[in-house]
Amino acid sequence: MRKPFIAGNWKMNTNLAEGLALVKAMLGDLEKLKSVETVLCPPFVSLQPIMDLVRGSSIYLGAQNVYFKESGAYTGEVSPRMIAGLCKYVILGHSERRQYFLETDAVVNAKVKAVLATGLAPILCVGETLEQNEAGKTGEVLTRQVRDGLKDIAVEKSVVIAYEPIWAIGTGRAATGAQAGQTIGLIRHTIAELWGGENADEIRILYGGSVTGSNVTEFIKETQIDGALVGGASLKAADFVEIVRLTEKIKQQS
Ligand code: 13P
């Protein structure tokens, strides 16, 4: 049984006061939904104070990125060992990092290795562009991103994969549950080729892209989909709590 997983990617939003207020507004409700692993991914600078707030609760934290070196002359970068102890997860290979910061699959792979070596768990994001989707290249693109992202890494069941079709991120145009379920089945197949079927069956794979309380049920109903990586809706306490609540409800029914 894979534990359902909902992560909120706050992206470059909230200052410290706003972040703390957001967590305070939802912590009590989230704490009641313990059958879902709930992860908040605030900006780096808010990790420590938010950790102080959620410590002892069932809520985990994640970072949104990290550099792959342990330390050194890399002005402005943050290493895995700087955030170890502040969070459990690190989002890696998000399409915004690939697009705006030119991260390649090789860079993402180096980051996945560095994160695992520090005892943190990566949330590895993959996803195709609209153009690739329309050209029928989704399978090829995702297989490459998963294979290259996990290259030379032995079985690691702490790894979480997030399938985020780029055309669905921040657009209000989510994939359908069936589309996402089928594509995530394909991603699981790729992981099975790398790590064996039994291990692949234990890896959590999320859908991300315009997830809200109104459409989350459609995704969570799919047996292949273990949860969601939520952007915009994770910045509103009531919306995020609703997504976690519906996830718990649907997964308990199935
Ligand atoms: P939205 O939920 O705002 O579409 O963002 C999805 C995302 O990129 C999460 O990582």
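The paragraphs below set out a description of the structure included in this document. It should be emphasised that the depicted structure is a prediction, and the values quoted were computed from it without experimental measurement.

1. Points about the overall build of the chain
Alright, step 1. The helix and strand inventory of the chain stands at 11 helices and 8 strands.
Alright, step 2. Over its C-alpha trace the chain gives a radius of gyration of 17 Å, about what one expects of a compact globule, namely 18 Å for 254 residues.
Alright, step 3. Dimensions of the chain along its principal axes, counting C-alpha atoms only, are 50 × 45 × 35 Å.
Alright, step 4. Out of the 254 residues in the chain, the part that is buried amounts to 52%.
Alright, step 5. For the chain, long-range pairs separated by at least 24 residues make up 73% of all intrachain contacts whose partners lie at least 6 apart in sequence.
Alright, step 6. Carbon and sulfur atoms make up 52% of the accessible area of the chain, which amounts to about 11,300 Å² in all.
Alright, step 7. Averaging the positions of the 27 positive and the 28 negative side-chain charges in the chain gives two centres separated by 3 Å.

2. Notes on the site of the ligand
Alright, step 1. Around the ligand lies a shell formed by Asn9, Lys11, His94, Glu164, Ala168, Ile169, Gly170, Gly209, Ser210, Leu229, Gly231 and Gly232.
Alright, step 2. Between the ligand and Lys11 there is a distance of 2.8 Å, counted from an oxygen atom to a side-chain nitrogen or oxygen.
Alright, step 3. Between Gly232 and the ligand, the recorded distance is 2.8 Å, taken from a backbone N or O atom to an oxygen atom.
Alright, step 4. For the shell around the ligand, a count of residues per class yields 3 nonpolar, 7 polar and 2 charged.

3. Describing the sheet that holds strand β4 (residues 89-92)
Alright, step 1. One closed barrel holds the 8 strands; their spatial order is β1-β2-β3-β4-β5-β6-β7-β8, and the pairing between them is parallel. The sheet shows a mean angle of 25 degrees between the axes of neighbouring strands, direction not considered.
Alright, step 2. Two elements, β4 and strand β5 (residues 121-126), share 4 bridges in a ladder whose sense is parallel. Across the sheet, Tyr89 pairs through a bridge with Ala121, a residue of β5.
Alright, step 3. Against the sheet, helix α5 (residues 105-117) touches β4 and β5, its axis set at about 160 degrees to β5.
Alright, step 4. In this fold helix α7 (residues 138-149) packs onto β5 and β6 (160-163), with an angle of close to 155 degrees to the strand it touches most, β5.

4. A closer look at the layout of surface pockets
Alright, step 1. Space inside the largest pocket adds up to approximately 450 Å³.
Alright, step 2. Along the walls of the largest pocket sit 14 residues, with Lys11, Met12, Gln64, Arg97 and Phe101 positioned nearest its centre.
Alright, step 3. Looking at the lining of the largest pocket, its residues break down into 7 nonpolar, 4 polar and 3 charged.

5. Some points on the side chain of Glu103
Alright, step 1. For Glu103, the position within the fold is in the loop between α4 (95-100) and α5.
Alright, step 2. A polar contact is formed between the side chain of Glu103 and the side chain of Lys111, at a distance of 2.6 Å.
Alright, step 3. Those residues within four positions of Glu103 in sequence are excluded, and the remaining contacts are Asn65, Gly93, Arg97, Arg98, Val108 and Lys111.

6. Things to note about α7
Alright, step 1. With 12 residues, α7 should reach 16 Å at 1.5 Å per residue; the first-to-last C-alpha distance of 16 Å fits that figure.
Alright, step 2. Tucked into the core, α7 has its buried residues touching α4, α5, β5, α6 (130-134), β6 and α8 (177-195).

7. Things to note about the pairing of β4
Alright, step 1. Covered by surrounding structure in β4 are Tyr89 and Ile91 together with Val90 and Leu92, the residues of both alternating faces.
Alright, step 2. Taken together, the 2 bridges between strand β3 (residues 60-63) and β4 define a ladder with parallel strand orientation. Bridge assignment links Gly62 to a residue of β4, and that residue is Tyr89.

8. So, the packing of α7 against α8
Alright, step 1. With their axes 10 Å apart at the nearest point, α7 and α8 run at an angle of 40 degrees to one another. Considering the angle they form, α7 stands oblique to α8. Viewed along their axes, α7 and α8 form a crossing whose handedness is right-handed. Across the interface between the two elements, Thr138, Gly139, Leu142, Thr143, Val146 and Arg147 of α7 pack against Thr183, Leu186, Ile187, Thr190, Ile191, Glu193 and Leu194 of α8.
Alright, step 2. When grouped by side-chain class, the residues that make up the contact of α7 with α8 number 6 nonpolar, 5 polar and 2 charged.

9. Looking at the packing of aromatic side chains
The geometry of two aromatic rings is summed up by the distance between their centres and the angle between their planes.
Alright, step 1. Following the criterion strictly, the structure yields 5 aromatic pairs and no others.
Alright, step 2. Geometrically, the ring pair formed by Tyr67 and Tyr74 is tilted, given 5.2 Å between the ring centres and 45 degrees between the ring planes.
Alright, step 3. Tyr74 gets classed as partly exposed once you look at its relative accessible area, which sits at 32%.
Alright, step 4. Linked through ring pairs, Tyr67, Phe68 and Tyr74 together constitute an aromatic cluster.
Alright, step 5. When the ring centre of Tyr60 is taken as origin, the NZ or CZ atom of Lys88, which lies over that ring, is 4.1 Å away.

Rules used throughout
- Residues numbered from 1 in each chain as written.
- Predicted model: local features only at pLDDT ≥ 70, side-chain atom pairs only at ≥ 80, totals over all residues.
- Heavy atoms only, no water.
- Helix = DSSP H or I, 4+ residues; strand = E, 2+ residues; numbered from the N terminus.
- Rg over C-alpha atoms; globule rule 2.2 N^0.38 Å.
- Buried < 20%, exposed > 50% of the residue type's maximum accessible area, 1.4 Å probe, protein only.
- Contact = heavy atoms within 4.5 Å.
- Areas by Shrake-Rupley, 256 points an atom, 1.4 Å probe, with all protein chains shown as cover.
- Lys, Arg positive; Asp, Glu negative; His and termini not counted.
- Charge placed at Lys NZ, Arg CZ, Asp CG, Glu CD.
- Near = heavy atom within 4 Å.
- Polar contact = N/O pair within 3.5 Å; in protein donor to acceptor, adjacent residues only side chain to side chain.
- Nonpolar A, V, L, I, M, F, W, Y, C, P; charged D, E, K, R; others polar.
- Pairing = 2+ DSSP bridges.
- Axes fitted to C-alpha atoms, helices over the stretch in contact; angles between N-to-C directions.
- 1 Å grid on protein atoms, 1.4 Å probe; cavity = no way out; pocket = protein on both sides within 12 Å on 5 of 7 lines; lining within 4 Å.
- Points joined across faces, edges and corners; volume = space filled by probe spheres on them.
- Expected span 1.5 Å × (residues − 1).
- Parallel < 35°, antiparallel > 145°, perpendicular 65-115°, else oblique.
- Left-handed = near helix turned anticlockwise from the far one by under 90°.
- Phe/Tyr/Trp six-rings, centres within 6.5 Å; stacked < 30°, edge-to-face > 60°.
- Lys NZ or Arg CZ within 6 Å of the ring centre and 35° of its normal.

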